[in-house]
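Below, each chain spelled out in residue letters.
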Amino acid sequence: MSLLPQRVHADARGELVAFEEFENVPFVPKRVFVVKVDAPGPARGGHANSCDELITVLSGAVTVEVDNGSERATVRLAGHDEALWIQGGILIRLCGFVPSTILLVCASERYKDTQHYDEARPDLMRAACPA
C-alpha cells in the first residue's frame, strides 16, 4: 500500500486531476469504476484482489483498512489530491463513509480477469512497491 500524491491543477475555472499510466498511476489501468455511497452504512470490500487498485476520493471521505498478512494500517482518504495504491494480495475494507462519498477506482485488470480472496495473499504482492 502506498499513498501517492496527485497533482491538482487549479485556476479560476476549478480544479483538474489527470490520471496517467506510470506518472501518477503505477500501472496500466484496464478498468475504471465509480463507487457512490449516499449514507453511512455497512463496510464495502472486505477482500483482497489479484489486481492492483488505485483509489481516490472525488467527494466526501472514506477510511480504508488494509492488511497485508503481517501488518495492518488505516488510511483516511478525504480529497482528490492523493490516491491510495492497493497492491494485489492486500486485503481492503472501506468504512467510515461521509454521506454522498464518491470514489474513483482504477484497476490493473478487467473484472472478469480478477480473483477475489477472503484473506490477504502475500504471495501475490510484488517486492518492488514504493514506500
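Owing to the predicted nature of the structure, the values given are computational and were not obtained by experimental measurement. (Residues numbered from 1 in each chain as written. Predicted model: local features only at pLDDT ≥ 70, side-chain atom pairs only at ≥ 80, totals over all residues. Heavy atoms only, no water.)

Participant: Sorry if this is basic, but what is going on with the side chain of Ser108 here?
Facilitator: For Ser108, the location among the structural elements is in the loop between β11 (101–107) and β12 (116–117). On the accessibility criterion, Ser108 (13% relative accessible area) is buried. Within polar-contact distance, the side chain of Ser108 engages the backbone nitrogen of Asp52 at 2.9 Å. Residues contacting Ser108, with those up to four places away along its chain left out, are Phe27, Val28, Lys30, Cys51 and Asp52. (Helix = DSSP H or I, 4+ residues; strand = E, 2+ residues; numbered from the N terminus. Buried < 20%, exposed > 50% of the residue type's maximum accessible area, 1.4 Å probe, protein only. Polar contact = N/O pair within 3.5 Å; in protein donor to acceptor, adjacent residues only side chain to side chain. Contact = heavy atoms within 4.5 Å.)

Participant: Would you mind going over the environment of Ala78 with me for this structure?
Facilitator: Topologically, Ala78 is positioned in the loop between β8 (72–77) and β9 (82–86). Exposure remark for Ala78: the relative accessible area of 53% places this residue in the exposed category. Between the C-alpha atom of Ala78 and that of Thr56, which follows or precedes it by 22 residues, the distance is 8.5 Å. Ala78 has contacts with Val57, Gly60 and Ala61, leaving out every residue within four places of it along the chain.

Participant: I keep staring at the side chain of Asn49 and nothing clicks. Help me out?
Facilitator: Structurally, Asn49 can be placed in strand β5 (residues 44–49). Of the residues examined, Asn49 reaches a relative accessible area of 6% and is grouped as buried. Residues contacting Asn49, with those up to four places away along its chain left out, are Gly88, Gly89, Ile90, Thr114, Gln115, His116, Tyr117 and Leu124.

Participant: Honestly, the nonpolar core in this entry has me stumped. Any pointers?
Facilitator: Nonpolar side chains in soluble globular proteins generally cluster together in the buried interior. Counting residues in each nonpolar core, the largest one holds 17 residues, and the members touching the most others are Ile55, Val62, Val64, Leu77, Ile86, Leu94 and Leu103. For this core, the secondary structure elements donating two or more residues are β4 (31–37), β6 (53–59), β7 (62–67), β8, β9, β10 (91–95) and β11. Counting residues per element, this core draws most heavily on β7, at three residues. Not counting the four nearest positions on each side in its chain, Val62 is found in contact with Val57, Val75, Arg76, Leu77, Leu94, Cys95, Gly96, Phe97 and Leu103. Ranked by size, the runner-up nonpolar core spans seven residues in total, among them Leu4, Val25, Phe27 and Trp85. (Core = buried A, V, L, I, M, F, W, Y, C linked by side-chain atoms within 4.5 Å.)

Participant: Sorry if this is basic, but what is going on with the sheet that holds strand β1 (residues 2–5) here?
Facilitator: Paired through their backbone hydrogen bonds, the strands of a sheet run either parallel or antiparallel. If you walk across this open sheet you meet the five strands as β1-β9-β6-β11-β4, and the pairing is antiparallel. Edge strands, defined here as strands with exactly one partner in the open sheet, are β1 and β4. Taking the axes of each pair of neighbouring strands and ignoring which way they run, one obtains an average angle of 25 degrees across the sheet. Here four bridges tie β1 to β9, and the two strands are oriented antiparallel to one another. Across the sheet, the residue bridging to Leu4 is Ala83, located in β9. (Pairing = 2+ DSSP bridges. Axes fitted to C-alpha atoms, helices over the stretch in contact; angles between N-to-C directions.)

Participant: Hey, could you run me through unusual backbone geometry in this one?
Facilitator: Most peptide bonds take the trans configuration, and most residues that are not glycine carry a negative phi. Even without being a glycine, Ser100 presents a positive backbone phi close to 65 degrees. Relative to the helices and strands, Ser100 resides in the loop between β10 and β11. Accessibility expressed as a relative area gives 41% for Ser100, which makes it partly exposed.

Participant: I would appreciate a short explanation of the sheet that holds β7 in the present structure.
Facilitator: Across the sheet, which stays open at both edges, the five strands sit in the order β8-β7-β10-β5-β12 with antiparallel pairing between neighbours. Each edge of the open sheet is held by one strand with a lone partner, namely β8 and β12. As paired strands, β5 and β10 are joined by four bridges and run antiparallel to one another. Paired with Arg44 across the bridge in β10 is Leu94.

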